[in-house]
Amino acid sequence: YKKENLDLLYDNFEVIRLNNPSMMTPDTLKDVSVIFAPLGYFFGEDIFSVSPELRVVATNTTGVPHIDVEHAASRGIKVISLKDEREFLDTITPTAELTMGLIINITRNVIPAIKSVLDGKWSRWEFGGQAMLSKMSLGIVGLGRLGKMVAKYATSFGMRVSYYDPFITHNTEWSYKRVEGIEQLVSDVDIVSVHIPMNEENRHFFNKAVFSKFKRGSYFINTARGEVVDSQALIEALEKGIIKGAALDVLDGEFEPGFSNKVLSHPLVKYAQTHDNLIITPHIAGSTEDAWYLTQRHVIEQTIEYMRRFQ
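Residues numbered from 1 in each chain as written. Predicted model: local features only at pLDDT ≥ 70, side-chain atom pairs only at ≥ 80, totals over all residues. Heavy atoms only, no water.

**Side note on the overall build of the protein**
1) Next: When its secondary structure is counted, the protein shows 13 helices and 10 strands.
2) Next: The C-alpha atoms of the protein give a radius of gyration of 22 Å, which matches the 19 Å a tight globule of 311 residues would have.
3) Next: Seen through its C-alpha atoms, the protein measures out along the principal axes to roughly 65 × 50 × 35 Å.
4) Next: For the protein, buried positions account for 45% of its 311 residues.
5) Next: Surface exposure of the protein reaches about 16800 Å², of which carbon and sulfur atoms provide 50%. (Helix = DSSP H or I, 4+ residues; strand = E, 2+ residues; numbered from the N terminus. Rg over C-alpha atoms; globule rule 2.2 N^0.38 Å. Buried < 20%, exposed > 50% of the residue type's maximum accessible area, 1.4 Å probe, protein only. Areas by Shrake-Rupley, 256 points an atom, 1.4 Å probe, with all protein chains shown as cover.)

**Section: a nonpolar patch on the surface**
1) Next: On the surface, Ile16, Leu18 and Met23 cluster together into a nonpolar patch covering about 260 Å² of accessible area.
2) Next: With respect to the helices, strands and loops of the structure, Ile16 is situated in the loop between helix H1 (3-12) and helix H2 (26-29). (Patch = residues over 30% accessible without salt bridge, like charges linked within 9 Å, V, L, I, M, F, W, Y side chains within 5 Å. Salt bridge = Lys/Arg side-chain N within 4 Å of Asp/Glu carboxyl O.)

**As for the pattern of salt bridges**
1) Next: If you walk through the whole model with that rule in mind, you get 10 salt bridges.
2) Next: Its salt-bridge partner being Glu180, residue Arg178 comes within 3.2 Å of it at the nearest N-O pair.
3) Next: For Arg178, a relative accessible area of 24% corresponds to the partly exposed category.
4) Next: A relative accessible area of 60% means that Glu180 is categorised as exposed.
5) Next: One salt bridge connects Glu301 with Arg297, and the closest N-O pair in it is separated by 3.6 Å. Highlighted residues: Glu301 and Arg297, both in helix H13 (residues 289-307), separated by 4 residues, approximately one helical turn.
6) Next: Since its relative accessible area comes to 21%, Arg297 is described here as partly exposed.

**Remarks on the side chain of Asp249**
1) Next: Within the element layout of this structure, Asp249 appears in the loop between strand S9 (243-248) and helix H12 (267-274).
2) Next: It is Arg225 that comes nearest to the buried, bridge-free Asp249 among opposite-charge side chains, at 7.8 Å.
3) Next: Here the side chain of Asp249 touches Thr281 through a polar contact of 2.6 Å, side chain to side chain.
4) Next: Side-chain polar atoms of Asp249 contact the backbone nitrogen of Ile284, separated by 2.8 Å.
5) Next: Beyond its immediate stretch of four places on either side in the chain, Asp249 contacts Leu98, Leu102, Asn222, Thr223, Thr281, Pro282, His283, Ile284 and Ala285. (Lys, Arg positive; Asp, Glu negative; His and termini not counted. Polar contact = N/O pair within 3.5 Å; in protein donor to acceptor, adjacent residues only side chain to side chain. Contact = heavy atoms within 4.5 Å.)

**What to know about the nonpolar core**
1) Next: If you look at the biggest cluster of nonpolar residues, it comprises 34 residues, and the most contacted ones within it are Phe206, Phe211, Phe214, Phe220 and Leu234.
2) Next: Elements represented by at least two residues in this core include exactly helix H9 (182-186), strand S7 (191-194), helix H10 (208-211), helix H11 (231-239), S9 and H12.
3) Next: At 5 residues, the largest contribution of residues to this core is made by H11.
4) Next: Beyond its immediate stretch of four places on either side in the chain, Phe211 contacts Phe206, Phe220, Val229, Asp230, Ala233, Leu234, Ala237, Ile242 and Ile243. (Core = buried A, V, L, I, M, F, W, Y, C linked by side-chain atoms within 4.5 Å.)

**Some words on the sheet that holds S7**
Hydrogen bonds along the backbone pair up the strands of a sheet, which may run parallel or antiparallel.
1) Next: In space, the 7 strands of this open sheet follow the order S6-S5-S4-S7-S8-S9-S10, with parallel pairing throughout. Edge positions in the sheet fall to strand S6 (177-178) and strand S10 (278-280), since each of these pairs with one other strand and no more.
2) Next: Summarising the sheet, S9 and S10 pair through 3 bridges and their orientation is parallel. Residue pairing across strands places Ala246 opposite Leu278, the latter belonging to S10.
3) Next: Running over the sheet, H11 touches strand S8 (218-222), S9 and S10 and is turned about 140 degrees from S9. (Pairing = 2+ DSSP bridges. Axes fitted to C-alpha atoms, helices over the stretch in contact; angles between N-to-C directions.)

**Side note on the packing of H11 against H12**
1) Next: Between H11 and H12, the shortest axis-to-axis distance is 9 Å and the interhelical angle comes to 25 degrees. On the basis of their axis angle, the class for H11 and H12 is roughly parallel. Between H11 and H12, the contacting residues are Ser231, Gln232, Leu234, Ile235, Leu238 and Glu239 on the first element and Pro267, Leu268 and Tyr271 on the second.
2) Next: Taken together, the residues of the contact of H11 with H12 break down into 6 nonpolar, 2 polar and 1 charged. (Parallel < 35°, antiparallel > 145°, perpendicular 65-115°, else oblique. Nonpolar A, V, L, I, M, F, W, Y, C, P; charged D, E, K, R; others polar.)

**Focus on the environment of Gly226**
1) Next: The topology assignment puts Gly226 in the loop between S8 and H11.
2) Next: Separated by 216 residues in sequence, Gly226 and Tyr10 have C-alpha atoms that sit 35 Å apart.
3) Next: Excluding residues that lie within four positions of it along the chain, Gly226 makes contacts with Val250, Leu251 and Asp252.

**A few points about the packing of aromatic side chains**
1) Next: Counted under the stated rule, the structure contains 11 aromatic pairs.
2) Next: Between Phe206 and Phe211 the ring centres are 6.0 Å apart and the planes differ by 35 degrees, which places this aromatic pair in the tilted class.
3) Next: Overall, the relative accessible area of 0% leaves Phe206 in the buried class.
4) Next: For the ring pair Phe206 and Phe214, a centre distance of 6.4 Å and an interplane angle of 70 degrees mean the geometry is edge-to-face.
5) Next: Pairwise contacts between aromatic rings join Phe205, Phe206, Phe211, Phe214 and Phe220 into one cluster. (Phe/Tyr/Trp six-rings, centres within 6.5 Å; stacked < 30°, edge-to-face > 60°.)

**Remarks on H11**
1) Next: For H11, the complete set of buried residues consists of Ser231, Ala233, Leu234, Ile235, Ala237 and Leu238.
2) Next: Packing partners of the buried residues in H11 comprise H10, S8, S9, H12 and S10.
3) Next: The opening residue of H11 is Asp230, an N-cap whose side-chain oxygen sits 3.1 Å from the backbone nitrogen of Gln232.
4) Next: In the segment just after H11, Gly241 is the residue with positive phi, at about 80 degrees.

Structure, rendered in C-alpha cells:
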C-alpha cells in the first residue's frame, strides 16, 4: 500500500500488518473486523470460521477469484472490490494502455531488436514489422469497460476495429463492427485482444478449435486472465505459424500460492525462453503508481464508509 493510504488506514483502524496472509492465525483473526485481501491467497471458510468479528473483506481488484463470495454472504460478511465501480474505473486506464504497448511490441519486434543492440548489432533489416497499425485490423473479444478503451485507442491509431460480445447491445453510433461469432472474428482480423472475465464458461475459451480458425500470421494479446487460454493450444498455434506472435500479461495458475517459485516450469514461459514470438509480462497491466494509489484509496474509503454504520 502507498504511504498515504497506509496513513489513512492507521487513522481509522487498529492495524495488524503481516508480510503475507499465510501468517494469519486464529489468534490474529479473532478480533479482526476488516481484512484487506491480496491476490495469490484464497479467503474462504477456513479464514471466515475463525473470524467471528469479521464484517468486511476488501480488495482493490476488479475480479474476486480469491474470495469465496457466496460463503462470505452466508456469514453476513461484505465483500468490497472494484468490480461494479464503473464510473470510478472509467478513470483507470493503464490496462488498456499496456494492451496497446504489447501490440506495438509484438508486431514491431521491439524485444528482439533491443536484444540485438545489446549484442552489439546495429541493423534494422531483420526487425521489420508486418504492417503499419493503421493498415491492420483489431478484433476485441469482450467489449466491456477495457474493451471499449482499447477500441478507442486502436481507432486513434487508424486501425479497423471489430468485436465479439454476445452480452451487449450494439450502438449504431460506434465505428466498430459487430461480429456474431468468435470463429468469424478471429478468422478475419490481424490482431485479437482479449478482455473477458474468468468464469467456468470462459475457461479455455481460446482452445485448439478456436486457435485453428485464426487468420494465418495474426497476433494474439491477452491482458485479461490466463485461464481463458489453453496454454498448450496457444503454443501449438505459435509453432505451426497460425499465430505469428503473442503477448501475454497473464498466465494460468498465477494466483496459486507459490506460483513465482515455479514460473520457469510453466509451458508458455519455457516456450518464450527460446522463441522471440512470445512476450510475457508479470501481470503489470494495472501497475502504475497513480493507479495503485487511486484503486487502494477508493477501496479503503468504501470500507471506512461501510464500517461507520456499525459505530
